[in-house]
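# A closer look at the structure
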Amino acid sequence: MSKSTVQRQVEKELANQRKSKGLWKGFWGAVAVVATLIAIYQFIWPRITVTPQAPLVASDPFSAMFSVANNAWLSLYDVDFSCAPRAIIFESTVSHTPIAITSSGLRDEDSKGGFTSPSLQKKDRLEPDHPHTIACPFPEEWKNMLKNSSNVLRSANILIVTTYHPVKLLPIQLNNQHRFALIQDEHGNYRWVERSLKDTPL
């Protein structure tokens, strides 16, 4: 084998090694970019949780308060809290007839939950790890239903929609929905448990 042939083979091998190193370098560069984007996403993307508390009045499940927390790293701005009972079903102990009530919005609406007007519950800024407590009272026009001893509350849902700006100076508005269903424990005490929005139509 001539000296020139050996030299060409060596150069070819070196070229293949450089090409392989370049591919691996590009691969790890892409991995680093993806990891950086994921980290940025986790840092800036809002994460809202809503936690129900025990009813303040045992006989009125709608006296419960709800704690709304921002679990992200950045504050949220111009926060609106919309809330309404949904798919409330009473049963008359006299006629045994079910009575259904839906107080606000539409059942299968968009991300705003069917609310077309601003909420009366507002907060200029929701900071991380500083929960805000909101109420979701039963509508005044239906409160006689709760007070009437001949009506038994069979099932109920609550929808809470949080609308906010993730960046104060940008016109970007996001919405977050949480649905809660009413249950009774073995002692007859009411409490709210979170349910998927897809479980049962509101």
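First things first, this report covers the structure right here in the doc. Because the structure is predicted, anything quoted here is derived from the model rather than measured.

Calculation rules
Residues numbered from 1 in each chain as written. Predicted model: local features only at pLDDT ≥ 70, side-chain atom pairs only at ≥ 80, totals over all residues. Heavy atoms only, no water. Helix = DSSP H or I, 4+ residues; strand = E, 2+ residues; numbered from the N terminus. Buried < 20%, exposed > 50% of the residue type's maximum accessible area, 1.4 Å probe, protein only. Core = buried A, V, L, I, M, F, W, Y, C linked by side-chain atoms within 4.5 Å. Phe/Tyr/Trp six-rings, centres within 6.5 Å; stacked < 30°, edge-to-face > 60°. Pairing = 2+ DSSP bridges. Axes fitted to C-alpha atoms, helices over the stretch in contact; angles between N-to-C directions. Contact = heavy atoms within 4.5 Å. Polar contact = N/O pair within 3.5 Å; in protein donor to acceptor, adjacent residues only side chain to side chain. Disulfide = S-S within 2.5 Å.

### Structural notes on unusual backbone geometry
Here the phi dihedral of D78 falls at roughly 50°; this positive angle occurs in a residue that is not glycine. Structurally, the position occupied by D78 is in strand β3 (residues 76-92). Taking the relative accessible area as the measure of exposure, D78 reaches 37% and is therefore partly exposed.

### Brief notes about the nonpolar core
Within the largest apolar cluster, 26 residues are counted, with the highest numbers of intra-cluster contacts made by F62, F66, L153, I158, I160 and W192. Going through the elements one at a time, β1 (48-52), β2 (65-70), β3, β7 (151-165), β8 (174-184) and β9 (190-195) are the ones with two or more residues in this core. Broken down by element, the residue count for this core peaks at six residues, all from β3.

### Description of the packing of aromatic side chains
All chains considered together, the criterion is met by two aromatic pairs. Pairing F66 with F180 gives two aromatic rings, centres 5.2 Å apart and planes at 50°, and the pair type is tilted. Placement of F66 in strand β2 and of F180 in strand β8 is noted, with a sequence separation of 114 residues between them. The two residues F66 and F180 agree in class, both being buried.

### Considerations on the sheet that holds strand β6 (residues 132-135)
By definition, the strands of a sheet pair up through backbone hydrogen bonds, in either a parallel or an antiparallel sense. The strand order across the open sheet formed by three strands is β1-β2-β6, and the pairing between neighbours is antiparallel. Only two strands of the sheet have a single neighbouring strand rather than two, namely β1 and β6. For this sheet the average axis-to-axis angle between neighbouring strands, irrespective of direction, equals 30°. Of the strand pairs in this sheet, β1 and β2 are connected by five bridges, and their pairing is antiparallel. If you follow T51 over to β2, its bridge partner there is S67.

### Focus: the environment of W192
Mapped onto the fold, W192 is located in strand β9. The spacing of W192 and N157 is 35 residues in sequence and 8.5 Å in space, taken between C-alpha atoms. Beyond its immediate stretch of four places on either side in the chain, W192 contacts P52, P61, F62, A64, F66, A156, N157, I158, F180, A181 and L182. Engagement of the side chain of W192 in a polar contact is seen with the backbone oxygen of P61, the distance being 2.9 Å.

### Description of the state of the cysteines
Enumeration according to the criterion identifies one disulfide in this entry. The disulfide partner of C83 is C136, and the S-S distance across this bridge is 1.9 Å. The chirality of the disulfide connecting C83 with C136 is left-handed, given an S-S dihedral of about -115°. Of the two residues, C83 is situated in strand β3 and C136 in the loop between β6 and α2 (143-147); the sequence distance between them amounts to 53 residues. Side by side, C83 and C136 carry an identical accessibility label, which is buried.

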